[in-house]
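Chain by chain, the residues:
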Amino acid sequence: RLVSADAEGAEEQVIEAALRPKKLDDFVGQERVREQLSLVLRGALRRGRTPDHVLLSGGPGLGKTTLAMIIAAELGQPLRISSGPAIERAGDLAAVLSTLAEGEVLFLDEIHRLARPAEEMLYMAMEDFRVDVVVGKGPGATAIPLDIAPFTLVGATTRAGMLPGPLRDRFGFVAHMDFYEPAELEVIVRRSARLLDVEITDDGAAEVAGRSRGTPRIANRLLRRVRDYAEVRADGVITQELARAALRLYEVDERGLDRLDRAVLESLMRKFGGGPVGLSTLAVSVGEEPETVEVVAEPFLVRQGLLARTPRGRIATPAAWAHLGIAQPAASPM
Ligand code: ATP
């Protein structure tokens, strides 16, 4: 797993699997994506053909894997799962592709991290359902064409901007998944609580939802932490007051900022006077990989109006100074 701040434990994975909606109708939010996708899938089913390849782009935990599973289920096909980093050589990809049965769905997570030769092989596979397997080395090397069964590729990426144009263009349908609205997250929290057999009041669910950074995975995670608190320190029922106390303990603030979010802002303000500062310098100052800061923390902070990306670097907005209660120095650029 690339994103350390989002590392999942074994228990989390089991629970997440149990909480995953299995049908498009149970998938909460992302209205437009759901409607468009539904048409794509129904159209294909009606024609008895494999649907266009689908690219899902969006931040971690917004439901890309869930949607990939739903696509396969709606098509009545098995889902084969792999990822960009897991495929090191073109031969690895050829091995996966050549064992696909007709109509199967292949999910490639983190597709932007696919190695170049594999990526080029994928172009041809997506377009012509054919790959060239290169046998031998140097001048004697020959490419042996190999037909593969028509399949549907579902690619997922947290960084659509990093996908090469030729790859992006081969997806017939591109879905951008955005942060969820609090009301949608509330539905997810109530649904998860029901599945986990936890009692939660409506304002308790709203409290958890409101602090979930617009992200279903985080909503489910916070729900479990609050459940622990409710069971150990109270009578098991999650009320608003209890959710607040529990989330304070887990250092999730009222806007949903977690420790990494606050570390980024604090460092930006205290060490760099509010910026502008480059992404890598900022990441080093909080002991994280630039990609983690860029993919995990920043989109939410930008959405909240707490951080701005400018050509000269990242800057903390006045709202950020106010939220963290740090006095903004007079000479600060904003
Ligand atoms: P990553 O790419 O980091 O793996 P992801 O975008 O694939 O993240 P998922 O693993 O699909 O995210 O979703 C995380 C969890 O959030 C799932 O276990 C699922 O329970 C829940 N979830 C995601 N989207 C929804 C949704 N629309 N409705 C209900 N639950 C959802």
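Residues numbered from 1 in each chain as written. Predicted model: local features only at pLDDT ≥ 70, side-chain atom pairs only at ≥ 80, totals over all residues. Heavy atoms only, no water.

Participant: Honestly, the overall build of the protein in this entry has me stumped. Any pointers?
Facilitator: Broken down by element type, the protein carries 14 helices and nine strands. Taken along its principal axes, the extent of the C-alpha atoms in the protein is 65 × 50 × 30 Å. A total of 334 residues make up the protein; the buried ones form 49% of that total. Long-range pairs, those at least 24 residues apart, make up 69% of the contacts in the protein with a sequence separation of at least 6. Working note: accessible area of the protein is about 16,100 Å², and carbon and sulfur atoms make up 50% of it. One finds the centroid of the 42 positive side-chain charges in the protein at a distance of 2 Å from the centroid of its 48 negative side-chain charges. (Helix = DSSP H or I, 4+ residues; strand = E, 2+ residues; numbered from the N terminus. Buried < 20%, exposed > 50% of the residue type's maximum accessible area, 1.4 Å probe, protein only. Contact = heavy atoms within 4.5 Å. Areas by Shrake-Rupley, 256 points an atom, 1.4 Å probe, with all protein chains shown as cover. Lys, Arg positive; Asp, Glu negative; His and termini not counted. Charge placed at Lys NZ, Arg CZ, Asp CG, Glu CD.)

Participant: Quick question: what am I supposed to make of the pattern of salt bridges here?
Facilitator: Charged atoms that come close allow side chains of opposite charge to pair. Following the criterion strictly, the structure yields 21 salt bridges and no others. Among the ionic pairs, arginine 190 bridges to glutamate 186, the shortest N-O distance being 3.5 Å. Within this pair, arginine 190 and its partner glutamate 186 are both found in helix H7 (residues 182-196), separated by four residues, close to a single helical turn. Taking the shortest distance from any N to any O, the salt bridge between arginine 270 and glutamate 266 comes out at 3.2 Å. (Salt bridge = Lys/Arg side-chain N within 4 Å of Asp/Glu carboxyl O.)

Participant: Would you explain the sheet that holds strand S3 (residues 105-109) in this entry?
Facilitator: The strands making up a sheet associate through backbone hydrogen bonding, with each pair oriented either parallel or antiparallel. In spatial order, the strands read S2-S3-S6-S1-S7; together these five strands make up an open sheet with parallel pairing. Edge positions in the sheet fall to strand S2 (79-83) and strand S7 (173-176), since each of these pairs with one other strand and no more. Each neighbouring strand pair of the sheet contributes to a mean axis angle of 15°, computed without reference to strand direction. Direction of pairing for strand S1 (residues 54-57) relative to strand S6 (residues 152-157): parallel, over a ladder of four bridges. Each residue of the ladder has a partner; that of valine 54, found in S6, is valine 154. Of the strands in this sheet, S1, S2, S3 and S6 are in contact with helix H3 (residues 64-75), which crosses S3 at around 175°. (Pairing = 2+ DSSP bridges. Axes fitted to C-alpha atoms, helices over the stretch in contact; angles between N-to-C directions.)

Participant: Honestly, the nonpolar core in this entry has me stumped. Any pointers?
Facilitator: What tends to happen in soluble globular proteins is that the nonpolar side chains get buried as a cluster. Counting 71 residues, the largest nonpolar core has Leu67, Ile238 and Leu265 as its most contacted members. The biggest single contributor to this core is helix H9 (residues 216-233), with seven residues. Aside from chain neighbours lying at most four places away, what touches leucine 265 is Leu257, Leu301, Leu306, Leu307, Ala320 and Leu324. (Core = buried A, V, L, I, M, F, W, Y, C linked by side-chain atoms within 4.5 Å.)

Participant: Teacher, can you tell me more about the site of the ligand here?
Facilitator: Lining the immediate surroundings of the ligand are 19 residues, of which Arg20, Val28, Lys64, Thr65 and Thr66 lie closest. Within the backbone of leucine 62, one N or O atom sits 3.2 Å away from an oxygen atom of the ligand. Take tyrosine 180: an N or O atom from its side chain is 3.2 Å from a nitrogen atom of the ligand. Protein contact buries 98% of the 620 Å² of open area that the ligand shows by itself. Of all elements in the fold, only helix H1 (10-19), H3 and H9 reach the threshold of two or more residues within the shell around the ligand. (Near = heavy atom within 4 Å. Polar contact = N/O pair within 3.5 Å; in protein donor to acceptor, adjacent residues only side chain to side chain.)

Participant: Any chance you could explain the pairing of strand S9 (residues 313-316) here in plain terms?
Facilitator: Where strand S8 (residues 307-310) lies against S9, four bridges are found, and the strand directions are antiparallel. Considered in S9, the bridge of leucine 307 is made with alanine 316. Hairpin geometry of S8 and S9 is characterised by an intervening segment of two residues between the two adjacent antiparallel strands.

Participant: Explain the packing of H7 against helix H8 (residues 202-210) here, please?
Facilitator: Between H7 and H8, whose axes approach to 8 Å, the crossing angle comes to 120°. Our classification of the angle between H7 and H8 gives oblique. Crossing of H7 over H8 shows right-handed handedness. Contact residues: H7 offers Pro182, Leu185, Glu186, Val189 and Arg190, while H8 offers Asp202, Ala205, Ala206, Val208 and Ala209. When its residues are assigned to classes, the contact of H7 with H8 shows seven nonpolar, no polar and three charged. (Parallel < 35°, antiparallel > 145°, perpendicular 65-115°, else oblique. Left-handed = near helix turned anticlockwise from the far one by under 90°. Nonpolar A, V, L, I, M, F, W, Y, C, P; charged D, E, K, R; others polar.)

Participant: Is there a simple way to think about the pairing of strand S4 (residues 130-135) in this case?
Facilitator: Within a regular beta strand, the side chains point alternately toward one face of the sheet and then the other, so they alternate between its two faces. In terms of strand pairing, S4 meets strand S5 (residues 142-147) through six bridges, oriented antiparallel. From the neighbouring strand, valine 134 faces S5, where its bridge partner is alanine 143. Hairpin connection of S4 to S5: six residues between the antiparallel strands, including glycine 136 at a positive phi of 85°.

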